[in-house]
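Structural overview for review
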Amino acid sequence: MNPFLATFRRDFALHWAGGGVLAPLGYFLGATLLVPLAMGPERTLLAAAGPPLIWIAAALAVLATLERVFQADLEDGSLDQMLLSPAPLEALVLAKGAALWIAVGVPIVLAGAPAAVALQAPPERVAAIVASLGLGLAAFIGAGLVGAAVTAGVKRGGVLIALIVVPFFAPPIIFGSAVASGDDIDAALSVLAGCALGAVALGPIAAAAALRLQAE
Amino acid sequence: MSVRLIAKSLELARGGRTLFRDLSFTAEQGSFVEIRGPNGAGKTSLLRALAGFLRLSAGVLRFEGAEEPFLTLHFLGHQNGLKGAASADAHVRYWAGLFGGAGGGVLERVGLARAKDLPARVLSQGQARRLALARLVTARRPVWLLDEPAAALDGNGRGLLAELIADHCNTGGLAFAAVHEPLGVASSLTVSLGGG
Amino acid sequence: MISYLANPARFMALSAWAAPLCAVIAAILFAAGAPWGLFYSPAEQFQGETVRIMYVHVPAAWWSLGIYAFMGGASLVSLVWRHALADIAARAAAPIGAVFAGVCLVTGSIWGAPTWGTWWEWDGRLTSMLVLFVIYLGYIALWAAIEDEERAGKLAAILCLAGLINLPIIKFSVDWWSTLHQPASVFRAGGSSIAPAMMGPLLTMAGAYLFLFGALALSNMRASIQRRRVERSRMEGGA
């Protein structure tokens, strides 16, 4: 097995083993549940303003998983070993991001369908919302890796990560919410794909540079 | 496999403090090098600099006969590099993939055959250290950098460690260890830090 | 130029008179620009006297962006040449940039009150500025959270450059978002439709802000170099 696959497989298994999958999913569904409780059950009001709020829930769920992504590796010495792999650290960081997206992101994406229906999104829009969540979570994770890497050495860095990462979450939220509320869906989806591509390409490079400094 | 290390006038400063300066030595292939010095003398920092994690303030470090330093060495630090939720076996498979090794029979070699399926979190300190030692033999690499490798090991464990190092050096490998007490392996060179 | 200044001793000698000089120039420009803008420039056709807040608001907006670009440059120098002075410069500039962004937001809100009839409107420009303000806060918080200053400097530099790449994307997405929701934008002042009579005081005020930044940043840098020297000599005395 090559270093990329080995890292992907290990992280994927660790997300499942540590209950790291259920907590963000529960968080996502819980936050979605709070929306009608806060706005009231009025169907027309929910249909008009509810669906974009899925994005707040998704962003919060991702934020909650970021803190430990690299911090654990730094504390237990795994990061040193990653530095000694024949594969570049950037590739290993990408593998960790991919594992996070598959293990934590995909369940949230799938849960996005019932969440959208519950928030009164029109049925014909649900498929677009699910697709946009897939792209948006990739963008969140790509950017989130940078925030997680620069704060890996900070104890209780969760709040700091949130502050650092929020500006990077703004563009995907804007375009994702446009899909959810049905504004110019095609354009929004393609820009969202661009955001995801950029974050996935550049995020691991910046994160790996930060991790090399953390190992010093 | 034959690698020698040449270090010339190494200097390392951390946080505005100079840990050592003008440190020179040559470690021939097949030798075991002890790094000695009091706490805070920079033993760990020297090992991390040899591994390429730390940037030296000055000096030249050359692995002769090696393609890339990072493909050449294993590093065993204070932390074992283990994940509590993963089994011993899963660790070996991961390292085999990460470093490009075979990984067969490794747990037997370090006496953890029966703990194969146990998650690392239930291993004792000594067993966890043995699992970390398994990494050294999962993929064959010519240079070992060991930071107090005997920590948490019992008598048997120390015997195993000495045996692993001796085997490694006898087959042309090069091993460095920061130690406080002798490991029971004849050292061919001692690097002393901290004015000693 | 950079390598000439990179020597801390030379920097200290040069900044010893450059910092007060900047402060004096800033004071002169403020003394000229403020009355010029507030009393001797024309009122605007539609907004009347309220347009005068522009002379505080617009330079703050310009330089909060300009300072971030400066920090980006310093971060690049820090990562490529690994020079400590670049880290110190970026760190010294950040709180000033944050304050300028804050001034821009507050004056924007005050300006908006009579024009929009509300203290806060999610106008595209103001929203982008709010995001920039948050970027500054994150940068400052990261510096504060990491104890080892050398490492903090390099990590903050990575974050700063990532933010620099992100800024145009934010600008683009917020513009797209605000045209989608079509708010009434009154902030044409920053664009091309400024009357020539307003340009004089506006540029004077912009110069005043720039030299104010220079004076504050240089004295911040001097303070942190001196603090490092004291810490270092203490550490060597103790060892």
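Residues numbered from 1 in each chain as written. Chains lettered and ligands numbered in written order. Predicted model: local features only at pLDDT ≥ 70, side-chain atom pairs only at ≥ 80, totals over all residues. Heavy atoms only, no water.

A few points about the pattern of salt bridges
- Following the criterion strictly, the structure yields 23 salt bridges over all chains and no others.
- A salt bridge links A:D80 to B:R48; the shortest N-O distance between them is 2.8 Å. Here B:R48 lies in helix 1 (residues 43–50) and A:D80 lies in helix 5 (residues 78–83), a pairing that spans two chains.
- Residue class for A:D80 comes out buried when judged on its relative accessible area of 10%.
- B:R48 gets classed as buried once you look at its relative accessible area, which sits at 15%.
- For the salt bridge of C:R227 with C:E231, the shortest nitrogen-to-oxygen distance reads 3.4 Å. Here C:R227 and its partner C:E231 are both found in helix 7 (residues 196–238), 4 residues apart, which amounts to about one turn of the helix.
- Given the relative accessible area of 40%, C:E231 is considered partly exposed.
- In this structure, a network of salt bridges that share partners links the residues A:D11, A:D73, A:D76, A:K96 and B:K83. (Salt bridge = Lys/Arg side-chain N within 4 Å of Asp/Glu carboxyl O. Helix = DSSP H or I, 4+ residues; strand = E, 2+ residues; numbered from the N terminus. Buried < 20%, exposed > 50% of the residue type's maximum accessible area, 1.4 Å probe, protein only.)

As for the sheet that holds strand 5 (residues 73–76) of chain B
Residue and element names in this part refer to chain B.
- Reading across the sheet, the 5 strands line up as 5-6-7-3-8 and stay open at both edges, with parallel pairing between neighbours. Looking at which strands have only one partner, the edges of the open sheet turn out to be strand 5 and strand 8 (189–192). Here the strands of the sheet are splayed against their neighbours by 15° on average, with no regard to which way each runs.
- Direction of pairing for strand 5 relative to strand 6 (residues 143–147): parallel, over a ladder of 4 bridges. When the sheet's bridge partners are listed, H74 is paired in strand 6 with W144. (Pairing = 2+ DSSP bridges. Axes fitted to C-alpha atoms, helices over the stretch in contact; angles between N-to-C directions.)

Some points on the packing of helix 1 (residues 3–17) of chain A against helix 3 (residues 88–99) of chain B
- Their axes nearest at 7 Å, the elements helix 1 of chain A and helix 3 of chain B cross at an angle of 150°. The pairing of helix 1 of chain A with helix 3 of chain B is recorded here as roughly antiparallel in orientation. Between helix 1 of chain A and helix 3 of chain B lies a crossing whose hand is left-handed. Here A:P3, A:A6, A:T7, A:R9 and A:R10 of helix 1 of chain A lie close against helix 3 of chain B, whose contacting residues are B:H91, B:R93, B:Y94, B:G97 and B:L98.
- A class-by-class count of the residues in the contact of helix 1 of chain A with helix 3 of chain B yields 4 nonpolar, 3 polar and 3 charged. (Parallel < 35°, antiparallel > 145°, perpendicular 65-115°, else oblique. Left-handed = near helix turned anticlockwise from the far one by under 90°. Contact = heavy atoms within 4.5 Å. Nonpolar A, V, L, I, M, F, W, Y, C, P; charged D, E, K, R; others polar.)

As for the nonpolar core
- A:F70, B:I165, B:F176 and C:M71 are the most contacted members of the largest nonpolar core, which has 188 residues in total.
- In terms of residue count, the dominant contributor to this core is helix 7 (residues 126–150) of chain A (13 residues).
- Summarising the domain contributions, this core has at least three residues from each of domain 1 (1–72 + 141–196) and domain 2 (84–139) of chain B.
- Not counting residues within four places of it along the chain, the set of residues in contact with B:F176 comprises B:L5, B:F25, B:A27, B:V33, B:I35, B:L47, B:L50, B:V143, B:W144, B:L145 and B:L146.
- Counting 13 residues, the second-largest nonpolar core is a separate cluster that includes C:L85, C:A89, C:A92 and C:L218. (Core = buried A, V, L, I, M, F, W, Y, C linked by side-chain atoms within 4.5 Å. Domains from an automatic or database assignment.)

Quick notes on the packing of aromatic side chains
- Applying the stated criterion across every chain, the model contains 14 aromatic pairs over all chains.
- With centroids separated by 5.9 Å and ring planes inclined at 80°, the aromatic side chains of A:W55 and A:F140 adopt a geometry described as edge-to-face. Taken together, the residues A:W55 in helix 4 (residues 53–76) and A:F140 in helix 7 connect sequence positions 85 residues apart.
- Classification of A:W55 as buried rests on a relative accessible area of 0%.
- Taking 5.2 Å as the distance between ring centres and 70° as the angle between the ring planes, the aromatic pair formed by C:F100 and C:Y209 counts as edge-to-face. Highlighted residues: C:F100 in helix 4 (residues 84–116) and C:Y209 in helix 7, separated in sequence by 109 residues.
- Judged by relative accessible area, which is 7%, C:Y209 ranks as buried.
- Connected via pairs of aromatic rings, a cluster forms that spans A:F8, A:F12 and A:W16.
- The aromatic ring of B:W95 is capped on one face by B:R135, whose charged end is 5.3 Å from the ring centroid. (Phe/Tyr/Trp six-rings, centres within 6.5 Å; stacked < 30°, edge-to-face > 60°. Lys NZ or Arg CZ within 6 Å of the ring centre and 35° of its normal.)

Remarks on the confidence of the model for chain A
- Mean pLDDT for chain A: 93, with 100% of residues reaching 70 or above.
- At the low end of the mean pLDDT range in chain A sits helix 3 (residues 43–49) of chain A, at 86; at the high end sits helix 7 of chain A, at 96. (pLDDT = per-residue confidence, 0-100.)

As for the interface of chain C and chain B
- Counting residues at the interface gives 6 residues for chain C and 5 residues for chain B.
- At the junction of chain C and chain B, the tally comes to 0 salt bridges.
- If you list the elements that add at least two residues to the side of chain C that touches chain B, you get helix 6 (149–181) and helix 7 of chain C.
- Ranked by residue count, the leading element in the side of chain C that touches chain B is helix 7 of chain C, at 3 residues.

A look at helix 4 of chain C
Residue and element names in this part refer to chain C.
- Compared with the 48 Å implied by 1.5 Å per residue over 33 residues, the 47 Å span of helix 4 between its first and last C-alpha is a close match.
- Largest kink in helix 4: about 25°, centred on A94, with the proline P95 one to four residues after it.
- For helix 4, the tally of buried residues reaches 24 of 33 residues, placing the bulk of the element in the interior.
- Phi turns positive one or two residues past the end of helix 4, at G117, with a value near 75°. (Expected span 1.5 Å × (residues − 1). Bend = angle between axes of the 7 residues up to and from the residue.)

Examining the side chain of B:R141
- Mapped onto the fold, B:R141 is located in the loop between helix 5 (125–138) and strand 6.
- The exposure class of B:R141 is buried, given its relative accessible area of 3%.
- From its side chain, B:R141 meets the backbone oxygen of A:L84 in a polar contact 2.8 Å long. (Polar contact = N/O pair within 3.5 Å; in protein donor to acceptor, adjacent residues only side chain to side chain.)

So, the interface of chain B and chain A
- The interface is formed by 26 residues belonging to chain B together with 25 residues belonging to chain A.
- Taken together, the two surfaces of chain B and chain A that pack against each other cover about 2200 Å², and 56% of this comes from carbon and sulfur.
- Of the residues forming the side of chain B that touches chain A, the biggest block, 6 residues, is contributed by helix 3 of chain B.
- By residue class, the composition of the side of chain B that touches chain A is 13 nonpolar, 6 polar and 7 charged. (Buried area = accessible area lost by both parts, 1.4 Å probe.)

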